[in-house]
Structures are given as C-alpha cells and as structure tokens.
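# Structural characterization, general
So the chains spell out like this:
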Amino acid sequence: MKYKYREFNNEKIKGQSFTVIVNNFNFYLAELTVYANKKIECWGLMDLDEFYQKLDSGWIRIDLPKNSTLHIDNFGHLKSDEFVQQKTKEDFLKEIEDAITELNGGKGRVSKCIDSFKNYLLNDDLNNFEILKSDFENLPSHRKVLFEYVDYKDPLIELMKTENTFTKEQRRFMLNDYFEGEWDEKKLK
C-alpha cells in the first residue's frame, strides 16, 4: 500500500494513492491520492463531490477506450488496441470509501471480511455464514481472493461457490494456517 502525506494547518494528513487515467484532451496515467480528511488530489485538490463529478464525467477514469494512446509522464506513451481493466468503477469507488475509512482508523471491506471468515471458522452457524456471505459479496470484485494466490485455491471462494461447510478439522487447520496466534482453541465450536 502506498501512503502519502500532505500538510494542512501545520498538521500532516495521511493519504493513500491509486493509479488512474486522466482524460484531459489526451489520456494520461496519473496518481490519485485520497486523504483522511476526505480530500482527493489528482491534478489538483478537490472534495469528494468534485471527485464524483470528475469520475462521472470521465475526466478521472480507470479504463481506456479502444485504440487510444496513453501518455506516461517523463516516460513515453503507448498505443492500445485493447485495455483490460482490473476493476469496475463501482469497485474503484469501494476502494476510495475503504481508504477513507482505514485512514481514519476504521476497518475496510477486506478487513471486515477476514474477521467474518475467522468468526465463521470458529463457529460455522447460519448467522455467521450469512454475515460472511454479505461481507464477501460487498468486496470489490478484484479483491475477493483473500487467502491464497489464485481463486481456485482460496477456501473462502470455494465456500461461497458451494456453500458446503467445512469439517471441524478443516476449520481448525485454516484457523492455524491463516490466523496463527489470533484465535483461542476453546472458542472453536
């Protein structure tokens, strides 16, 4: 995770950076930084409303139209026949919201889902499963692989696809593997 700071009224405000594309007569690879105080910096400082307007208008974007040229400052440009984006606009908005939450000491969607998975592994009742399922569905689509490198090996994705419960031994193994030292054996039901 890439953090940045800016000063305001002699106070350092923490921010998190993202890569975006700016459409300003040409397409430019740019850095967007969201700060804890809900200010966004991308070719100038703006508030959240202005950010949403620029995202809706296509001035800030996460995609590149077919047959476009992307300019990379102090590096060059590349022509693209096809740009395959990693995330949707909705996913990007979730990341911005989570960044603001996390920069202010809260838990974002990924942390909440990891906590829900741990709670489910400790007690695999229906209520814990429903909370986990809701948290999982609320994740940005490109952030759903949480525990393994690929989706077909990730036990959480397997659980969400099949809704088959794990045995107590499987749950104990995952708790030890993914949450070593973060859980109490007495709480495993």
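Notes on the structure in this doc start here. (Residues numbered from 1 in each chain as written. Predicted model: local features only at pLDDT ≥ 70, side-chain atom pairs only at ≥ 80, totals over all residues. Heavy atoms only, no water.)

### Observations regarding the overall build of the protein chain
- Helix and strand counts for the protein chain stand at six helices and eight strands.
- Listing every helix and strand of the protein chain by position from the N terminus yields β-β-β-β-β-α-β-β-β-α-α-α-α-α.
- Whereas a compact globule of 189 residues would reach a radius of gyration of roughly 16 Å, the protein chain reaches 20 Å, over 25% beyond that.
- Expressed as lengths along the three principal axes of its C-alpha atoms, the size of the protein chain is roughly 60 × 45 × 25 Å. (Helix = DSSP H or I, 4+ residues; strand = E, 2+ residues; numbered from the N terminus. Rg over C-alpha atoms; globule rule 2.2 N^0.38 Å.)

### Things to note about the packing of aromatic side chains
- One pass over the full model with this rule turns up nine aromatic pairs.
- Ring centres 5.6 Å apart and planes at 50 degrees place the aromatic pair Phe51 and Tyr52 in the tilted group.
- Under the relative-accessibility criterion, Tyr52 is labelled partly exposed at 31%.
- Through pairs of rings, three or more aromatic residues link up here, namely Phe18, Phe51, Tyr52 and Phe92.
- Taking NZ or CZ as reference, Lys12 lies 5.8 Å from the ring centre of Tyr5, over its face.
- One cation-aromatic arrangement involves Lys144 over Phe136; the distance from NZ or CZ to the ring centre is 4.9 Å. (Phe/Tyr/Trp six-rings, centres within 6.5 Å; stacked < 30°, edge-to-face > 60°. Buried < 20%, exposed > 50% of the residue type's maximum accessible area, 1.4 Å probe, protein only. Lys NZ or Arg CZ within 6 Å of the ring centre and 35° of its normal.)

### Here's the deal with the pairing of strand S8 (residues 76–80)
- Alignment of strand S7 (residues 68–72) against S8, held across five bridges, turns out to be antiparallel. Looking across to S8, one finds that Ile72 is bridged to Gly76.
- Between S7 and the antiparallel strand that follows it, S8, lie three residues; Asn74 among them carries a positive phi value of about 60 degrees. (Pairing = 2+ DSSP bridges.)

### Brief notes about the pattern of salt bridges
- Taken as a whole and assessed by the stated rule, the structure comprises twelve salt bridges.
- For Lys54, the salt bridge goes to Glu50, with nearest N and O atoms at 3.7 Å. Of this pair, Lys54 and Glu50 both sit in helix H1 (residues 48–57), four residues apart, roughly one helical turn.
- For Lys89, the salt bridge identified is with Asp56, shortest N-O distance 3.1 Å. Here Lys89 is found in helix H2 (residues 89–103), whereas its partner Asp56 is found in helix H1, with 33 residues between them in sequence.
- Residue classification places Asp56 among the exposed residues on the basis of a relative accessible area of 59%.
- Salt bridges here are not isolated pairs; linked through shared partners, they connect Glu97, Asp98 and Arg109. (Salt bridge = Lys/Arg side-chain N within 4 Å of Asp/Glu carboxyl O.)

### Some details on the pairing of S7
- As judged from the two bridges shared by strand S3 (residues 26–35) and S7, these two strands associate in the parallel manner. Within S7, the position partnered with Phe27 by the bridge is Leu70.

### Some remarks on H2
- In this model, H2 (15 residues) spans 21 Å end to end at C-alpha, consistent with the 21 Å of a helix rising 1.5 Å per residue.
- Within the sequence span of H2, burial applies to Asp91, Phe92, Lys94, Glu95, Ile96, Asp98, Ala99, Ile100 and Leu103.
- Phi turns positive one or two residues past the end of H2, at Gly105, with a value near 90 degrees. (Expected span 1.5 Å × (residues − 1).)

### Digging into the packing of helix H3 (residues 109–122) against helix H6 (residues 168–178)
- Packing of H3 against H6 leaves a shortest axis separation of 9 Å and a crossing angle of 145 degrees. Helix-helix and strand crossings are classified by hand; for H3 and H6 the assignment is left-handed. Contact residues: H3 offers Phe117, Lys118, Tyr120, Leu121 and Leu122, while H6 offers Arg171, Met174, Leu175 and Tyr178.
- Here the residues of the contact of H3 with H6 are counted per class, giving seven nonpolar, no polar and two charged. (Axes fitted to C-alpha atoms, helices over the stretch in contact; angles between N-to-C directions. Left-handed = near helix turned anticlockwise from the far one by under 90°. Contact = heavy atoms within 4.5 Å. Nonpolar A, V, L, I, M, F, W, Y, C, P; charged D, E, K, R; others polar.)

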